[in-house]
Amino acid sequence: MIYDVCVIGSGAGAGPIIYELSQKGLKVCVLEKGDIYNEKDFSKDEIALVRRPIYTPNLKDEYHTIEEFVEGFWQKFPTYETGWSFWNGNLLGGSSNFMSGYFHRLKPNDFKLASIYGISKNSNIVDWPISYEDMEKYYEKVERVVGISGEVQEYEFMEPRSTKDFPYPPLEENKIVNLIDKACEDLNYKSIKTPRAILTKQKGHRNPCYYSNYCGSYACSSAAKGSSRASLIKDALVTNNVKIIPNAFVIKLNTSKDKKIKSATYLTKEGSKKEINAKLFVLAAQAVESSRLLLNSKDENFPNGLANNSGNVGKNFLSSSGGIVSATFDESNLPLEDLLASGLFVNRSIMDWYYTKEFKGGTIDMLFEHANPIRRASFLRYDENNNLVIGEKLQNSIFERFTKTRTLNMELFLDWTPNDNSFISVDEKYKDKYGIPVANIRIGSHEQDLKAANFIKEKAVKVFEKMGGKNIISDISSLPSSNLQAGGCRFGENPKTSVLNKYCQAHEVSNLFVTDGSFMPTGGSVPFTWTIYANSFRVADYIKENFENITI
């Protein structure tokens, strides 16, 4: 059978494509590396679901290599040596199942950073080939179709909106938000309610949030979280135009003489090779793996990798700069019954320094530390002098931590400056258990990113100090956040400097589109997911309108 469309991956970049094209009547095949799970499969078992590789490959079998600049040289480390994983969810819906669901739009100036701030030395900053105005109606569509809860509040850098508010009311909040709001008011900062891709009301087959307290890092057993699987793919399946093939690890895209893709070769769970034929292919395997697949898809048409005769595939990989600032709170700040109230959200952000006159700033998003009790208790095994704590002392420390205090985190999101030392490549010396070259991730950051992160950190610390927080600590780093991946196949008008055109269609392969975060030239100072969803809806519209011409 020849499908109309073959989609590789099923996360945020794939869901809108599957949803829209299947409703148009196109026959869509989805190749998903992982298995299919539903709400009944999602428990809150920390050992089974977080501390073991249930939804991700065992790093001894399938790993990446990381290049870091150590003692004046770039040195390569397989991730099975460190446990640092860039796998974020091999299952239907991908990593969107496990997101915390912070949903911020990009701002108009995010689409033209080069024009606003110029191109800093040793950076590859460029303007986007589209504008905020091109994306606005698709941001609004995500609000309705995927489902976003919140309350629109004006602040200095707020983006223009075509609707007055979000379609779903805000989540219920822990009373610590009163301390946050008061501290920000005293400091002349503006705290705003964080939009979340979490339902507060019934939406079709999806139930509203039941405040389990297990959200970030866990898949949602009520379908309230706006994963691609729950919010889009389930509805797409009703059309009977979608075929999902799970446990299908795509290892090569094959081209014909006309330089179009004719088929995708994939490995089954048992390791046998199979092939899928389609008229049009959409790649959305998350940025690292999408670049890896293109680079591994070498043939006589593309000896350096598919759509890579220009040498741009893998370049300008993006993550998010920043880090975390933390503080503990106890009954001196808030009655324990309020502070320890389980499941209620913090849902506060500060965007006062999203832009400064001199440089691009960032966002502060606030949340309590994740519920994971084993992880939280493990941090208490050593005291401040790094001495092992055991017995009654450890027991008392755990009791105090879990019954008398609570840790509030401020997560900092800042632009990752694209540069020549941040890219994805493949190396024939390093192969997974199937004999396929693994992705190599060079993680060179730009000096400006760390400066901006420390600038925002100082603001976060002031808020905690004003709130009366204790044990204020920060972890600001130039290392990438492995669950935030973008770049590698940036879009643009010039085929010599970009992989995709403004519709995320490969310059060199007319029936190939890439719709995960790979297309982004810059990432904005927010998590990428809302923009990936919105752009995928935008690309779906283009494919629907031009399918016949594309596939001639």
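Here, every reference points to the structure presented above.
Residues numbered from 1 in each chain as written. Predicted model: local features only at pLDDT ≥ 70, side-chain atom pairs only at ≥ 80, totals over all residues. Heavy atoms only, no water.

Considerations on the overall build of the protein
Reasoning step 1: A count of helical and extended segments in the protein gives 13 helices and 19 strands.
Reasoning step 2: Overall, the protein is about 70 × 50 × 50 Å in size when its C-alpha atoms are taken along their principal axes.
Reasoning step 3: With 552 residues in all, the protein has 59% of them scored as buried.
Reasoning step 4: Within the protein, contacts between residues at least 6 apart in sequence are counted, and of these 73% link residues at least 24 apart.
Reasoning step 5: Surface accessibility of the protein: about 22500 Å² in total, with carbon and sulfur atoms responsible for 47%.
Reasoning step 6: Taking the 67 positively charged and 67 negatively charged side chains of the protein as two groups, their mean positions are separated by 4 Å. (Helix = DSSP H or I, 4+ residues; strand = E, 2+ residues; numbered from the N terminus. Buried < 20%, exposed > 50% of the residue type's maximum accessible area, 1.4 Å probe, protein only. Contact = heavy atoms within 4.5 Å. Areas by Shrake-Rupley, 256 points an atom, 1.4 Å probe, with all protein chains shown as cover. Lys, Arg positive; Asp, Glu negative; His and termini not counted. Charge placed at Lys NZ, Arg CZ, Asp CG, Glu CD.)

Details of the environment of I350
Reasoning step 1: Residue placement: I350 occurs in strand β12 (residues 348-350).
Reasoning step 2: A sequence separation of 161 residues divides I350 from Y189, and the C-alpha atoms of the two residues are 7.6 Å apart.
Reasoning step 3: What I350 contacts, discounting residues up to four positions off in sequence, is C184, K190, G362, T363, I364, M366 and V463.

Some words on the pairing of strand β9 (residues 273-283)
Reasoning step 1: Judged from the six bridges that link them, strand β1 (residues 2-8) and β9 form a sheet pairing that is parallel. Bridging from a neighbouring strand, Y3 pairs with A278 of β9.
Reasoning step 2: Once strand β8 (residues 261-267) ends, the chain turns through five residues before running back antiparallel as β9, passing G271 with a positive phi of about 95°.
Reasoning step 3: As paired strands, β9 and strand β19 (residues 512-514) are joined by three bridges and run parallel to one another. Pairing of F281 across the sheet is with L512, part of β19. (Pairing = 2+ DSSP bridges.)

Focus on the sheet that holds strand β16 (residues 437-443)
Reasoning step 1: If you walk across this open sheet you meet the four strands as β4-β3-β16-β15, and the pairing is mixed. The sheet terminates laterally at β4 (73-78) and β15 (422-431), the two strands that pair on one side only. Adjacent strand axes in the sheet meet at a mean angle of 30° when their direction is disregarded.
Reasoning step 2: With six bridges joining them, strand β3 (residues 65-70) and β4 adopt antiparallel strand pairing. (Axes fitted to C-alpha atoms, helices over the stretch in contact; angles between N-to-C directions.)

Quick notes on the packing of aromatic side chains
Reasoning step 1: For the structure shown, the criterion picks out 29 aromatic pairs.
Reasoning step 2: Ring centres of F111 and Y132 lie 6.3 Å apart, and the angle between their planes is 70°; on these two criteria the pair is classed as edge-to-face. On the criterion of sequence distance, the pair formed by F111 in the loop between α3 (79-82) and α4 (113-117) and Y132 in helix α5 (residues 132-147) is long-range, its members being 21 residues apart. Like F111, the residue Y132 is buried in the burial classification.
Reasoning step 3: In this structure an aromatic cluster arises from ring pairing among F103, F111, W128, Y132, Y139, F166, F491, F519, W530 and Y533.
Reasoning step 4: Above the ring of W87, the side-chain terminus of K33 is found at 4.7 Å from the ring centroid.
Reasoning step 5: For the cation-ring pair, K107 lies above Y354, with the distance from its terminal atom to the ring centre recorded as 5.4 Å. (Phe/Tyr/Trp six-rings, centres within 6.5 Å; stacked < 30°, edge-to-face > 60°. Lys NZ or Arg CZ within 6 Å of the ring centre and 35° of its normal.)

Remarks on a nonpolar patch on the surface
Reasoning step 1: Judged by side-chain polarity, Y382, L388 and I390 come together as a nonpolar surface patch covering roughly 340 Å² of accessible area.
Reasoning step 2: Following the sequence through the fold, L388 ends up in the loop between α10 (373-378) and α11 (391-404). (Patch = residues over 30% accessible without salt bridge, like charges linked within 9 Å, V, L, I, M, F, W, Y side chains within 5 Å. Salt bridge = Lys/Arg side-chain N within 4 Å of Asp/Glu carboxyl O.)

Quick notes on empty space enclosed by the protein
Reasoning step 1: Going through the model one piece at a time under the given rule, you end up with three cavities of 30 Å³ or more.
Reasoning step 2: Along the walls of the largest cavity sit 31 residues, with N213, Y214, C215, G216 and F345 positioned nearest its centre.
Reasoning step 3: Per element, the largest residue contribution to the lining of the largest cavity is three residues, and it comes from strand β13 (residues 362-368).
Reasoning step 4: Grouping the amino acids of the lining of the largest cavity by side-chain chemistry returns 17 nonpolar, nine polar and five charged.
Reasoning step 5: Its volume calculated, the second largest cavity comes out at about 160 Å³.
Reasoning step 6: Among the residues forming the lining of the second largest cavity, the class breakdown is eight nonpolar, two polar and six charged. (1 Å grid on protein atoms, 1.4 Å probe; cavity = no way out; pocket = protein on both sides within 12 Å on 5 of 7 lines; lining within 4 Å. Points joined across faces, edges and corners; volume = space filled by probe spheres on them. Nonpolar A, V, L, I, M, F, W, Y, C, P; charged D, E, K, R; others polar.)

Quick notes on the state of the cysteines
Reasoning step 1: Under the definition given, this model contains zero disulfides.
Reasoning step 2: With no disulfide of its own, C220 lies 6.7 Å from the sulfur of C209, the closest cysteine sulfur. (Disulfide = S-S within 2.5 Å.)

Observations concerning helix α1 (residues 15-24)
Reasoning step 1: Counting buried positions along α1 yields eight of ten residues, so the element is predominantly enclosed.
Reasoning step 2: Those residues of α1 that fall on the buried side of the exposure criterion are G15, P16, I17, I18, Y19, E20, L21 and S22.

Side note on the layout of surface pockets
Reasoning step 1: In this structure, the second largest pocket occupies an estimated 380 Å³ of space.
Reasoning step 2: Along its surface, the second largest pocket is lined by 20 residues, and K33, G34, E62, N247 and K269 are the ones closest to its centre.
Reasoning step 3: The residue inventory of the lining of the second largest pocket, partitioned by class, reads eight nonpolar, six polar and six charged.

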